[in-house]
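# Notes for the structure review
As a plain string of letters, each chain reads:
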Amino acid sequence: MAQTTIERERHTEERSAYAIAIRQLEAAAHYLNLDRSLLEVLKHPRRELIVNFPVKMDDGSIRVFTGYRVHHNPARGPAKGGIRYHPEVTLDETRALAMWMTWKCAVVNIPYSGAKGGVVCDPKRLSVHELENLTRRYITEISMLIGPESDIPAPDVGTNPQVMAWIMDTYSMHKGYTVPAVVTGKPIAIGGSEGRLEATGRGVMVMAHEALRQLGRTLEGATVAIQGFGNVGSATAKLMHQAGAKVVAISDVRGGIYNPNGLNIPALLHCAGRDGCIQAYRDAELITNEELLELPCDVLVPAALHGVITGHNAERIQARIIVEAANGPVTPDADEILDDRGILVVPDILANAGGVVVSYFEWVQDLQAFFWEEEEVNLKLEKAMRRSYHHVAQTAEQNKVNMRMGAYIIGVNRVAEATTIRGIYP
Ligand code: NAD
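The structure displayed is predicted, hence computed values, not measured ones.

Definitions and limits used
Residues numbered from 1 in each chain as written. Predicted model: local features only at pLDDT ≥ 70, side-chain atom pairs only at ≥ 80, totals over all residues. Heavy atoms only, no water. Near = heavy atom within 4 Å. Polar contact = N/O pair within 3.5 Å; in protein donor to acceptor, adjacent residues only side chain to side chain. Areas by Shrake-Rupley, 256 points an atom, 1.4 Å probe, with all protein chains shown as cover. Domains from an automatic or database assignment. Pairing = 2+ DSSP bridges. Helix = DSSP H or I, 4+ residues; strand = E, 2+ residues; numbered from the N terminus. Axes fitted to C-alpha atoms, helices over the stretch in contact; angles between N-to-C directions. Phe/Tyr/Trp six-rings, centres within 6.5 Å; stacked < 30°, edge-to-face > 60°. Buried < 20%, exposed > 50% of the residue type's maximum accessible area, 1.4 Å probe, protein only. Lys NZ or Arg CZ within 6 Å of the ring centre and 35° of its normal.

## Let's talk about the site of the ligand
If you check the shell around the ligand, you find 22 residues, and the closest are D156, T200, D275, A304 and N327. A distance of 2.9 Å separates an oxygen atom of the ligand from a polar atom in the side chain of R84. In isolation the ligand exposes 830 Å². Once the protein is present, 86% of that is buried. Per-domain counts for the shell around the ligand show at least three residues from each of domain 1 (46-179) and domain 2 (199-342).

Below is the structure:
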């Protein structure tokens, strides 16, 4: 049978994020005894847009940037997914992240399908003005896809509430009226939700708590190492610290710091989002990102990029629990080793779903123009995360599989059911 372009690319990019996503889907399909043709539908993204667009730079020059927006399977609702600004953004990675978003929304049972977008750029090397120009032009280029009923972007690596504000404004300017529900993760002043900024970290904290409880422990006194000190990593550190855990190590792209007696997280939070700042902290040993992953601790939270725990270092991981705050930090080879060693992995499509759950709350509030108090947002988020954790743990136990496969069985099954019930058009 002739291969599609995507299938050919998949075979040539063996270590790609998309190849990993496909491998995980195929494993879940096996447990679900999924029909082969349905599996083919689920393997393919529904649509992929590549845009090359010019941006006026501060020195008067013009630079051409490449951006992507991918929609995976639209069966369960409008497309939802973050926008990443990073020099290593690729179409392959964007595809994988879109597929993971589909399963994630289904695992926590919110009515969205998966999407992802990104621009190949280093936001740290752009001025605020250049970043705004780039964002407004990228959004204009992908405007045939986005909208409050079709595709609702959100923040991811390298983007933040200010970028979301420019997205909302650009889309609204084109429409001629204000459309807050076109994007989530916005500042509160323009229709953002209370609790959104810390939502992914709060979800990660709740997942760590539930995993520790499963092992007869609590967060109080548990030692935690966190890779990445951006939006997700810093909120996780703050909330873990507030819950009584001892955060012993954190890192950013330049490296990490470690103190087995615990770090002063309130002091370090002044560094959040500023790469290189945490290394100036005095009361700790400087370590590399690789060393951080292998520290003795109760909970390890990778909160930076994908593919950091692999077949090469999985044997050396000493944590009892890994909570995947980042998307795809543990490769399938590593998964097998960690499983054999009895390390509990709370998978990304569950562990970092707190962000999209509160993004969903933000969208609902924008559509109704009726806003909730932070306490209500946090309570609803924690309830949704706890319910999902126990559903996944139960499914894993019933099927005698790990938590990742438990989550995939739930997510893929819900999407497969919706796809089947809707039928194939025409
Ligand atoms: P961010 O840009 O705010 O922070 C990223 C952090 O990772 C920074 O501290 C940066 O210095 C560090 N980093 C970058 N490259 C690194 C490298 N090569 N090695 C070590 N550290 C590195 O991004 P974020 O929004 O916190 O996202 C982090 C992860 O969480 C990503 O995988 C993202 O997809 C995932 N995630 C984010 C959200 C959200 O709401 N922002 C939701 C779900 C999942």
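Here the narrative resumes, following the displayed structure.
## Things to note about the sheet that holds strand β10 (residues 299-302)
Read from one edge to the other, the open sheet built from 7 strands follows the order β9-β8-β7-β6-β10-β11-β12, with strand pairing classed as mixed. The sheet is open, and its two borders are formed by β9 (285-287) and β12 (344-346), each paired with just one other strand. Averaged over neighbouring strand pairs, the angle between their axes works out to 20° when direction is ignored. As paired strands, strand β11 (residues 321-323) and β12 are joined by 3 bridges and run parallel to one another. Within β12, the position partnered with V323 by the bridge is V346.

## A look at the packing of aromatic side chains
Each aromatic ring pair is summarised here by two numbers: the centre-to-centre distance and the angle between the ring planes. By the definition in use, this model includes 7 aromatic pairs. Judged by centre distance (5.2 Å) and plane angle (50°), the rings of F361 and W372 are tilted. Pair noted here: F361 is in helix α13 (residues 354-368) and W372 is in the loop between α13 and α14 (374-399), with a separation of 11 residues, a long-range link. Of the residues examined, F361 reaches a relative accessible area of 8% and is grouped as buried. One aromatic cluster is present, formed by Y112, Y360, F361, W363 and W372 through successive ring pairs. Lying across the ring of Y112, K80 places its NZ or CZ 6.0 Å from the centre. Here R95 stacks its cationic end above the ring of Y18, 5.4 Å away from the centre of that ring.

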